[in-house]
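# Coordinate inspection notes
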Amino acid sequence: MESQNFAAFRVVIFGGRLHLDIYYACVQSRMMFTIWGLLQLLERYPGMVPDVDLMFDCMDKPNINKTEHSSMPLPLFRYCTTQNHFDIPFPDWSFWGWPEINIRPWNVEFPDIKQVSQSQRWSRKWPRAYWKGNPDVFSPVRTGLLQCNHSRKWGAQIMRQDWDEAARGGFETSKLSNQCKYRYKIYAEGFAWSVSLKYIVSCGSLALIISPEYEDFFSRGLFPKKNYWPISSVKLCQSIKFAVDWGNANPSEAQAIGKNGQDFMEILSMDGVYEYMFHLITEYSKLQDFKPVPPSSALKVCRDSVLCFADEKQKQYLEMSTAFPSPRPPCTLQPANRNLIKSWLEQKQRVIEDVREMEKQKVLNR
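My aim in this report is to walk through the structure given alongside it, one point at a time. (Residues numbered from 1 in each chain as written. Predicted model: local features only at pLDDT ≥ 70, side-chain atom pairs only at ≥ 80, totals over all residues. Heavy atoms only, no water.)

## Topic: the nonpolar core
In terms of nonpolar packing, the biggest core is built from 73 residues, with Phe-9, Val-11, Leu-18, Ile-35, Phe-95 and Trp-96 touching the most fellow members. Take this core: its biggest share by element is nine residues, from helix α1 (residues 30-44). Excluding anything up to four places from it in sequence, Trp-96 contacts Phe-33, Trp-36, Gly-37, Gln-40, Pro-91, Pro-105, Met-270, Val-273, Tyr-274, Met-277, Tyr-317 and Ser-321. Ala-156, Ile-240, Ala-243 and Val-244 belong to the second largest nonpolar core, which has 26 residues in total. (Core = buried A, V, L, I, M, F, W, Y, C linked by side-chain atoms within 4.5 Å. Buried < 20%, exposed > 50% of the residue type's maximum accessible area, 1.4 Å probe, protein only. Helix = DSSP H or I, 4+ residues; strand = E, 2+ residues; numbered from the N terminus. Contact = heavy atoms within 4.5 Å.)

## Digging into the packing of aromatic side chains
How two aromatic rings sit relative to each other is given by the distance of their centres and the angle of their planes. One pass over the structure, following the stated rule, counts 23 aromatic pairs. Their ring planes at 75° and their centres at 6.3 Å tell us that Phe-77 and Phe-90 sit as a pair that is edge-to-face. Taken together, the positions of Phe-77 in strand β4 (residues 77-78) and Phe-90 in the loop between β5 (88-89) and α2 (106-117) put the pair 13 residues apart, joining distant regions of the chain. An identical accessibility class is assigned to Phe-77 and Phe-90; each is buried. An angle of 65° between the planes, with centres 5.1 Å apart, marks the rings of Tyr-79 and Trp-93 as edge-to-face. Of this pair, Tyr-79 sits in the loop between β4 and β5 while Trp-93 sits in the loop between β5 and α2; the two residues are 14 residues apart in sequence, bridging distant segments of the chain. The class of Tyr-79 is buried, set by a relative accessible area of 1%. Using a relative accessible area of 2% as the deciding quantity, one classes Trp-93 as buried. Taken together, the aromatic side chains of Phe-9, Phe-56, Phe-77, Tyr-79, Phe-90, Trp-93, Trp-98, Trp-193 and Tyr-284 make up a single cluster linked through ring pairs. (Phe/Tyr/Trp six-rings, centres within 6.5 Å; stacked < 30°, edge-to-face > 60°.)

## Description of the pattern of salt bridges
All chains considered together, the criterion is met by 19 salt bridges. In this structure, Arg-104 and Glu-109 form a salt bridge, with 3.1 Å as the shortest nitrogen-oxygen distance. For Glu-109, a relative accessible area of 3% gives the class buried. A salt bridge links Asp-304 to Arg-303; the shortest N-O distance between them is 3.6 Å. Taking the relative accessible area as the measure of exposure, Asp-304 reaches 52% and is therefore exposed. For Arg-303, a relative accessible area of 32% puts it in the partly exposed group. By sharing partners, the salt bridges in this structure join Arg-44, Asp-271 and Arg-328 into a single network. (Salt bridge = Lys/Arg side-chain N within 4 Å of Asp/Glu carboxyl O.)

## Looking at a nonpolar patch on the surface
Side chains of Ile-341, Trp-344 and Leu-345 sit close together on the surface and give an oily, nonpolar patch of about 270 Å² of accessible area. Examined against the element boundaries, Trp-344 turns out to sit in helix α11 (residues 338-364). (Patch = residues over 30% accessible without salt bridge, like charges linked within 9 Å, V, L, I, M, F, W, Y side chains within 5 Å. Areas by Shrake-Rupley, 256 points an atom, 1.4 Å probe, with all protein chains shown as cover.)

## Here we look at the layout of surface pockets
Approximately 2200 Å³ is the volume found for the largest pocket. Surrounding the largest pocket, 42 residues form its lining, Phe-217, Arg-220, Tyr-276, Leu-333 and Ile-341 being those nearest its centre. Among the secondary structure elements, those contributing two or more residues to the lining of the largest pocket are β5, α7 (251-267), α8 (270-286) and α11. Top element by residues in the lining of the largest pocket is α8. It accounts for seven residues. When grouped by side-chain class, the residues that make up the lining of the largest pocket number 20 nonpolar, 12 polar and 10 charged. Reported here for the second largest pocket is a volume of approximately 920 Å³. If you go around the second largest pocket, you meet 37 residues; those closest to its centre are Trp-98, Ile-101, Arg-142, Trp-163 and Ser-194. Mapped by element, the contributors of at least two residues to the lining of the second largest pocket are β6 (126-133), α4 (163-168), β8 (182-187) and α5 (196-202). No other element matches the four residues that β6 contributes to the lining of the second largest pocket. Taken together, the residues of the lining of the second largest pocket break down into 20 nonpolar, nine polar and eight charged. (1 Å grid on protein atoms, 1.4 Å probe; cavity = no way out; pocket = protein on both sides within 12 Å on 5 of 7 lines; lining within 4 Å. Points joined across faces, edges and corners; volume = space filled by probe spheres on them. Nonpolar A, V, L, I, M, F, W, Y, C, P; charged D, E, K, R; others polar.)

## A short note on the state of the cysteines
Among covalent bonds in proteins, the disulfide is the one between the sulfur atoms of two cysteines. If you walk through the whole model with that rule in mind, you get three disulfides. At a sulfur-sulfur separation of 2.0 Å, the disulfide partner of Cys-26 is Cys-58. Across the disulfide from Cys-26 to Cys-58, rotation about the S-S bond amounts to roughly -100°, and the bridge is consequently left-handed. In this pair, Cys-26 sits in the loop between β2 (17-22) and α1 while Cys-58 sits in the loop between β3 (52-56) and β4, placing the two residues 32 residues apart along the sequence. The class of Cys-58 is buried, set by a relative accessible area of 0%. Disulfide pairing is shown between Cys-180 and Cys-203; the S-S distance is 1.9 Å. Measuring the twist about the S-S bond at about -75°, one finds the Cys-180-Cys-203 disulfide to be left-handed. You can see Cys-180 sitting in the loop between α4 and β8 and its partner Cys-203 sitting in the loop between α5 and β9 (206-210), a full 23 residues away along the chain. (Disulfide = S-S within 2.5 Å.)

Remember that the coordinates give geometry; whether it matters functionally is a separate question.
Shown next as structure tokens:
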């Protein structure tokens, strides 16, 4: 109940039914599509999702700081977290669609991105780094990125995304698959984490990820120089230029890293998303030493009630992402292994430090 002070809504799953208690309205249709995702989980694994009571916040930034809340780590689900927060990462709403900016459900969007990206050979892709997004979101990284917009000096093309203009043009200029014609795609965090990460890595271009502070549920599995190239936020333009020069001098290696990134995202099918949700909720429910009971203020929500509330475009996206009972049970969750996770994080840090050293040596050898 203490975490309710930080939550947008409360979800109680009881006897295979979803109950929703709303505390404040989320941005755009985030809540609707998140709740739809949970309803699809119940459809995917009928009778298998345990009773659970959870608090969810739909804003971008994590709230439960480990220092401030060390004596009582409040359980709060949201779309991202950091090493310094207790917030529990959950798949973001756009896996089921983001109609406001014309992003279709993941099971439709990824195959389209992959198909278009593979229609052009690596040697025919533009040999520069590309980013298109909104820099006006109080993001120092994105503000700094604007200074790198020089294809000859920094090997980068930086574009502002005007969503109002894109909407007026039917989103033709913002279609995700059309942005895969560059060898290098830049990922820059916004106000917090950005849903753009999965689409950038899906392109099969070499993803240039700028020192991320935030993590969503799958980004923790990305490994530097295997699935992406790490970019420093300190000397940002120089770091981008080094990555582009390295990739153009080592095209086979750059292409292989881009392909590994795309393969990683292909493994992250909706089957994998639902398996993560199932195991997360199951393990979380084991920690609750009380019987979840829907509060009297909660509404019982079902598929038809969400569709009834949705407008025509939202309904189209929701129906496009409808799940059906799985022909097999969820994957088997491996036992927790803290040493493995610690080793994994240390390896990632060593590789990032190796790349920083490569950049320093390039400067010294000039």
